[in-house]
Amino acid sequence: MIQPVQTDADLRHLNTLHLPAHAARLQPVDDASDLPTLTQAARDAGGPVLVLGGGSNIVFGRNVDGTVLHMRTLGIDLLAQSGNDVLVSVAAGENWHDWVARALAHGWHGLENLALIPGTVGAAPVQNIGAYGVELIDRLDHVDAWDMTDRRWLRLSADECRAGYRDSVFKHELAQRAIITRVAFRLTTEARVRCDYADLQRELSSRGVTQVTPQHVFDAVCAVRRAKLPDPAVLGNAGSFFRNPVLPAADAARLLAAHPDAAHYPAAHGAVKVAAAWLIDQCGWKGARRGDAGVHDRQALVLVNHGEASAADLLGLAADIQASVQARFGVTLEPEPLILR
Ligand code: EPU
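Residues numbered from 1 in each chain as written. Predicted model: local features only at pLDDT ≥ 70, side-chain atom pairs only at ≥ 80, totals over all residues. Heavy atoms only, no water.

1. Things to note about unusual backbone geometry
Note the following rule: Strands here are runs of E lasting at least two residues and helices are runs of H or I lasting at least four, both read from the DSSP assignment and numbered beginning at the N terminus.
Positive phi outside glycine occurs at arginine 151, with the angle close to 50°. When you line up the elements, arginine 151 lands in the loop between strand E10 (140-147) and strand E11 (152-157).

2. A few points about the layout of surface pockets
As a reminder, the rule being used: Cavities and pockets are defined on a 1 Å grid built over the protein atoms alone: a cavity is a set of grid points where a 1.4 Å probe fits but cannot escape, while a pocket is an open set with protein on both sides within 12 Å along at least five of seven lines, and lining residues are those with an atom within 4 Å of any such point. Grid points are joined across faces, edges and corners, and a volume is the space filled by probe spheres set on the points. Residue polarity is assigned by list, with Asp, Glu, Lys and Arg as charged and Ala, Val, Leu, Ile, Met, Phe, Trp, Tyr, Cys and Pro as nonpolar; anything else, Gly included, falls into the polar class.
Its boundaries defined by the atoms lining it, the second largest pocket holds a volume of some 200 Å³. In this structure, the second largest pocket is lined by Asp85, His109, Gly110, Glu112, Asn113, Arg139, Arg186, Leu187, Thr188, Arg192, Val193 and Arg194. For the lining of the second largest pocket, the class distribution of residues is 2 nonpolar, 4 polar and 6 charged.

3. Some words on the sheet that holds strand E15 (residues 264-266)
The following threshold applies: At least two DSSP bridges between two strands are required for those strands to pair.
Ordered by their spatial adjacency, 3 strands build an open sheet running E14-E16-E15, and the pairing between neighbours is antiparallel. Since the sheet does not close on itself, it has two edges, and those belong to strand E14 (246-247) and E15, each with one partner. Looking at chain direction, E15 and strand E16 (residues 272-274) are connected through 3 bridges and run antiparallel. Pairing of tyrosine 265 across the sheet is with lysine 273, part of E16.

4. Some points on the packing of helix H2 (residues 96-106) against helix H4 (residues 214-228)
Spelled out, the test is: For every element, the axis is a line fit to its C-alpha atoms; helices are fit only across the contacting stretch, and the angle between N-to-C directions ranges from 0 to 180 degrees. Note on angle classes: values under 35 degrees are labelled roughly parallel, values over 145 roughly antiparallel, values of 65 to 115 roughly perpendicular, and the remainder oblique. The crossing is said to be left-handed when, going from far helix to near helix, the turn is anticlockwise and less than a right angle, and right-handed when the turn is clockwise. It only takes one pair of heavy atoms within 4.5 Å for two residues to be counted as in contact.
Relative to each other, H2 and H4 sit at 155°, their axes nearing to 11 Å. Relative to H4, the element H2 lies roughly antiparallel. Of the two elements, H2 crosses H4, and the hand of that crossing is left-handed. Counting all contacts with H2, which are made through His97, Val100, Ala101 and Leu104, the residues of H4 involved are Pro214, Gln215, Phe218 and Cys222. Class assignment for the residues of the contact of H2 with H4 results in 6 nonpolar, 2 polar and no charged.

5. Concerning the environment of valine 68
Here valine 68 lies in strand E5 (residues 64-71). For valine 68 and alanine 42, which are 26 residues apart along the polypeptide, the C-alpha to C-alpha distance reads 8.6 Å. With sequence-adjacent residues up to four places away left out, valine 68 is seen in contact with Leu11, Ala23, Arg25, Leu26, Gln27, Leu50 and Leu52.

6. Things to note about the domain arrangement of the protein
Here is the rule we go by: Where each domain starts and ends comes from a domain assignment, either automatic or drawn from a database. Once two parts are joined, some of their accessible surface, as seen by a 1.4 Å probe, is lost; buried area is that loss totalled over both. Whenever Lys or Arg places a side-chain nitrogen within 4 Å of a carboxyl oxygen from Asp or Glu, that contact is recorded as a salt bridge. As used in this structure description, the phrase polar contact means that two N or O atoms lie within 3.5 Å; if the pair is within protein, one of them must be able to donate a hydrogen and the other to accept it, and residues adjacent in sequence are counted only when both atoms belong to side chains.
On domain assignment, one finds that the protein holds domain 1 (6-71), domain 2 (76-188) and domain 3 (236-340). Residue-level contacts link 15 residues of domain 1 with 14 residues of domain 2. Where domain 1 abuts domain 2, roughly 1100 Å² becomes buried across the two surfaces, and 66% of that area is made up of carbon and sulfur atoms. Between the two partners, domain 1 and domain 2, sit 0 salt bridges. For the pair domain 1 and domain 2, the interface holds 4 residue pairs in polar contact (both at pLDDT 80 or more). Listed by contribution, the elements that provide at least two residues to the side of domain 1 that touches domain 2 are helix H1 (35-45), strand E3 (49-52) and E5. In terms of residue count, H1 provides more of the side of domain 1 that touches domain 2 than any other element does, 5 residues in total. The class makeup of the residues in the side of domain 1 that touches domain 2 is 7 nonpolar, 7 polar and 1 charged.

7. Brief notes about the nonpolar core
To keep it simple, the criterion reads: In plain words, nonpolar cores are sets of buried Ala, Val, Leu, Ile, Met, Phe, Trp, Tyr and Cys residues tied together by side-chain atoms within 4.5 Å. In this scheme, a residue with accessible area under 20% of its type's maximum is buried, one over 50% is exposed, and one in between is partly exposed, where area comes from a 1.4 Å probe on protein chains only.
One finds Trp96, Trp99, Leu111, Phe170, Phe185 and Leu187 to be the most contacted residues of the largest nonpolar core, which totals 44 residues. At the level of elements, strand E7 (85-91), H2, E10, E11, strand E12 (178-188), helix H3 (198-206) and H4 are the ones that each hand at least two residues to this core. Here the element with the most residues in this core is H4; it accounts for 6 residues. Not counting chain neighbours up to four residues away, the residues in contact with phenylalanine 185 comprise Val86, Leu87, Val88, Val90, Trp96, Trp99, Leu111, Val121, Leu136, Arg139 and Asp141. In terms of nonpolar packing, the next biggest core, distinct from the first, is built from 36 residues, Leu19, Phe241, Leu301 and Ile321 among them.

Below, the structure is given as structure tokens:
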């Protein structure tokens, strides 16, 4: 049954930064097959249509004078199993971390490194979530979506999602157009692990683990994240507020000649990904606070809302951080979450 639309709805509890904002209309979506009807109704009502999952990658800089579709669809379906390979389709509204934990409990491996990432399954392909050496695209088979513009169902192969670092087709051609309804994953029952990320290795060896299992990786990732990243239920945040800048080889060489200790990783075509957290930290921002907007005291890349911060407080702080990193290092930081200005 379609849930009633709520008018002048408070969105504070639907975004992990806990920013105050209202939507002219808030429509829960509990069944993807209602989307043709619900998107038509939203269009008829006027104003923009915004799709919201866990609200963990959005900055409400203003109210939404249209309809927010809140994806709450649930369901995990094993589509195929052959030898060690499993193909599992998961509904968009499932909580990401709960799905990772359930996959592990089933013995379906490959997602452990992505434990504890806030948000929903349907939001994961949009920014191609990644952590501790694994990105969603490494485990993706296909994505199902409703195209609100052409009014038809889509199935995109992993290639068609054109995933990059915190990027995909859903941020470009299909932005404001495709509503992801299900994500299908290719996982394995083999106990294969990926644990070369430095923080992860450190955690595993501090636990004295030698024969690393997927459960060990899951536990270690949870511990590392809990130590560094604030829990949005306790302290409002949207994860990393900036992308790690990817510099062309020549620019990176200049930066690293002047700052040999800058944390960095190799990227494609000789480019270098520099740790934005390091750049921000060097500018002295860690733990800084302006009113209720602040920089997390254990991870300089995470901006937090200590309680009553407004979007203006937070975006003002973000702009000052960008300006100081630009002035000191000549590096431009791009925000990572979607910002509604
Ligand atoms: N660092 C500092 N100061 C800090 C924090 C980190 O100098 O305050 C240095 C660290 O010493 C390290 C480097 O920066 O050498 C990188 O730090 P970290 O390993 O914590 O990772 P990150 O590059 O800051 C990225 C992702 C995270 C993901 C981690 C682990 C982005 C924008 N962020 O952060 O993803 O969890 O790697 O893989 O790519 C997210 O996207 O919301 C997110 C949390």
